[in-house]
Amino acid sequence: HLRISRKLRQAQSLMVPESILSTFAGVRQQSGLRAEVLICDFSAIPFCYGLFRPCIVFPQKAAEWGDEMIRACLAHEFGHLKRGDLISLAVAQCA
């Protein structure tokens, strides 16, 4: 957990491509959820992270993806946030 947090703090300096930002804004508005979007250089797949300040993290290669792929990934990750999967995972790791 701490290693990912440290890497995500470093990732905040990476620029999120406009194609991802604009799609993210639309999907976030539709979901009604609060989240940020980040780009990282240490993962090959998108994931969501953070209980109190949730964010959806995309790999750098996502800049090459089409809008439909980005939209599908965002819908999938917002689904995790909406269902509270991060909270369930945190509780399971404590047990």
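On a predicted model such as this, the values are computed, not experimentally measured, just so you know.

Student: Sorry, what's going on with a nonpolar patch on the surface here?
Tutor: A cluster of nonpolar residues, Leu51, Phe52, Ile87 and Val91, forms a patch on the protein surface that exposes about 460 Å² of accessible area. Tracing the backbone through its elements, the reader meets Leu51 in the loop between strand 2 (47-49) and strand 3 (55-59). According to the relative accessible area criterion, Leu51 is partly exposed, its value standing at 44%.

Student: How should I be thinking about the environment of Ser19 in this particular structure?
Tutor: Here Ser19 lies in helix 2 (residues 18-31). When sequence neighbours within four positions are dropped, the list of residues in contact with Ser19 reads Asp67 and Ile70.

Student: Is there a simple way to explain helix 2 in this structure?
Tutor: Think of an α-helix as turning once every 3.6 residues; residues three or four places apart then point the same way. An ideal rise of 1.5 Å per residue puts 20 Å on 14 residues; helix 2 measures up with 20 Å between its terminal C-alpha atoms. Listed in full, the buried residues belonging to helix 2 are Ile20, Thr23, Phe24, Val27 and Ser31. Mapping the buried residues of helix 2 onto a view down its axis gives an arc of 105°, with all of them on the same face. Opposite its buried face, helix 2 presents the exposed residues Glu18 and Gln29, each directed more than 90 degrees away. Where helix 2 is buried, its residues contact strand 1 (36-40), strand 3 and helix 3 (67-83). Two residues or fewer past helix 2, Gly32 is found with a positive phi of approximately 75°.

Student: Please explain the nonpolar core as it appears in this structure.
Tutor: Among the nonpolar cores identified, the biggest contains 17 residues, and Ile20, Phe24, Ile56, Phe58, Leu74, Phe78 and Leu81 are the most heavily contacted of them. Setting aside its immediate chain neighbours within four residues, Ile56 contacts Phe24, Glu36, Val37, Leu38, Phe47, Cys48, Leu74, Glu77, Phe78 and Leu81. Within the second largest apolar cluster, seven residues are counted, among which are Leu8, Phe47, Tyr49 and Val57.

Student: Could you clarify how one ought to interpret the pairing of strand 1 in this entry?
Tutor: Regular strands have side chains that alternate between both faces of the sheet. For strand 1, the buried fraction is high: four of the five residues fall into the buried class. Across five bridges, strand 1 lies against strand 3 in parallel orientation. Within strand 3, the residue paired with Val37 across the bridge is Ile56.

The rules behind each value
Residues numbered from 1 in each chain as written. Predicted model: local features only at pLDDT ≥ 70, side-chain atom pairs only at ≥ 80, totals over all residues. Heavy atoms only, no water. Patch = residues over 30% accessible without salt bridge, like charges linked within 9 Å, V, L, I, M, F, W, Y side chains within 5 Å. Areas by Shrake-Rupley, 256 points an atom, 1.4 Å probe, with all protein chains shown as cover. Salt bridge = Lys/Arg side-chain N within 4 Å of Asp/Glu carboxyl O. Helix = DSSP H or I, 4+ residues; strand = E, 2+ residues; numbered from the N terminus. Buried < 20%, exposed > 50% of the residue type's maximum accessible area, 1.4 Å probe, protein only. Contact = heavy atoms within 4.5 Å. Expected span 1.5 Å × (residues − 1). Arc of directions from axis to C-beta. Core = buried A, V, L, I, M, F, W, Y, C linked by side-chain atoms within 4.5 Å. Pairing = 2+ DSSP bridges.

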